[in-house]
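Read off the chains here:
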Amino acid sequence: MIGLLRNRRHLGTAVVAAVVLLGLVGCSGGEGGKGGSSRTPRITVASEAPEDQDALLTEQDLHGITGFEGVVAAEVKDVPFYENPDPRGPCGATVPAIAFEGAFGRTFRSDRVQLLQLVLPSSPRQKHQLAAYQADVRPDCPPYESGTNTGDTQRVSDITVLALDDLGVPAVGWASTIELGGQRVQAGVVLADVGDRFVFLQFHARTLPTPSDLHELARRSVDRLRSRR
């Protein structure tokens, strides 16, 4: 995923202290990390064109999914994200970092959960990256450690691969528990190739929605892209 900077911002009463899984890093700087700030560049995305707005999830889409009730939308530029120096697949294999050139998106947050959605142009590179993530899926993923953008080491465990075959598009998704600095957060990623667009979702919370609700999140995101084609 993206990485979350280790910090003291809260999701409700839960302290978030983690990097996360794929190719970004979430949350702001401040305290945390060996150097107290990110060692990798901040990621920037474009503003969506008017014709692209329908490709993105809305608050209403998410309020109908258990665990995402009450989320409020915000622009990606309002939440600092940073490149992940150590991108991993679902079960910990080193994989290519997602390229975010041409991406636009939206973030959502409540006192329980935070979600990032990015939409990118589909390309041979994106297809190769998705295939690398899919190749790392296995029945029982062991715990592993990975590096964060602040120079720390996080432990990833309790990995659950989401069943997304019925979406009708190439896709992979998973959720896990991430431990960093004596604190825990649950996080997950979904990647899907929907025709000429590629969607990336990253979410984290003290307690994630169930796999069936995360499947519904993925389905609604894919349906958004299908509806505009």
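Moving on: the environment of Val 172. Mapping Val 172 onto the fold places it in strand β8 (residues 171-180). It is 7.2 Å that separates the C-alpha atoms of Val 172 and Leu 162, two residues lying ten residues apart in sequence. Residues within four places of Val 172 in sequence aside, it is in contact with Pro 90, Leu 130, Tyr 133, Gln 134, Val 137, Leu 164, Val 189, Val 190 and Leu 191.

The final tally for this structure, using the stated rule, is 14 salt bridges. With a shortest N-O distance of 2.6 Å, Asp 193 and Lys 127 are connected by a salt bridge. Here Asp 193 is found in strand β9 (residues 183-194), whereas its partner Lys 127 is found in helix α2 (residues 124-135), with 66 residues between them in sequence. Owing to a relative accessible area of 7%, Asp 193 belongs among the buried residues under this scheme. Note on Lys 127: relative accessible area 42%, which makes it partly exposed. Three or more residues are tied together by salt bridges with common partners; here these are Glu 216, Arg 219, Arg 220, Asp 223 and Arg 226.

Applying the stated criterion across every chain, the model contains two aromatic pairs. An angle of 80 degrees between the planes, with centres 5.5 Å apart, marks the rings of Phe 100 and Phe 200 as edge-to-face. Here Phe 200 lies in strand β10 (residues 197-205) and Phe 100 lies in the loop between β3 (72-74) and β4 (104-109), a separation of 100 residues in the sequence. The class of Phe 100 is buried, set by a relative accessible area of 10%. The exposure class assigned to Phe 200 is buried, which follows from its relative accessible area of 0%. Both rings, one in Tyr 133 and one in Trp 174, keep their centres 6.2 Å apart while their planes meet at 35 degrees; by these two values the pair is tilted. You can see Tyr 133 sitting in helix α2 and its partner Trp 174 sitting in strand β8, a full 41 residues away along the chain.

Parameters at a glance
Residues numbered from 1 in each chain as written. Predicted model: local features only at pLDDT ≥ 70, side-chain atom pairs only at ≥ 80, totals over all residues. Heavy atoms only, no water. Helix = DSSP H or I, 4+ residues; strand = E, 2+ residues; numbered from the N terminus. Contact = heavy atoms within 4.5 Å. Salt bridge = Lys/Arg side-chain N within 4 Å of Asp/Glu carboxyl O. Buried < 20%, exposed > 50% of the residue type's maximum accessible area, 1.4 Å probe, protein only. Phe/Tyr/Trp six-rings, centres within 6.5 Å; stacked < 30°, edge-to-face > 60°.

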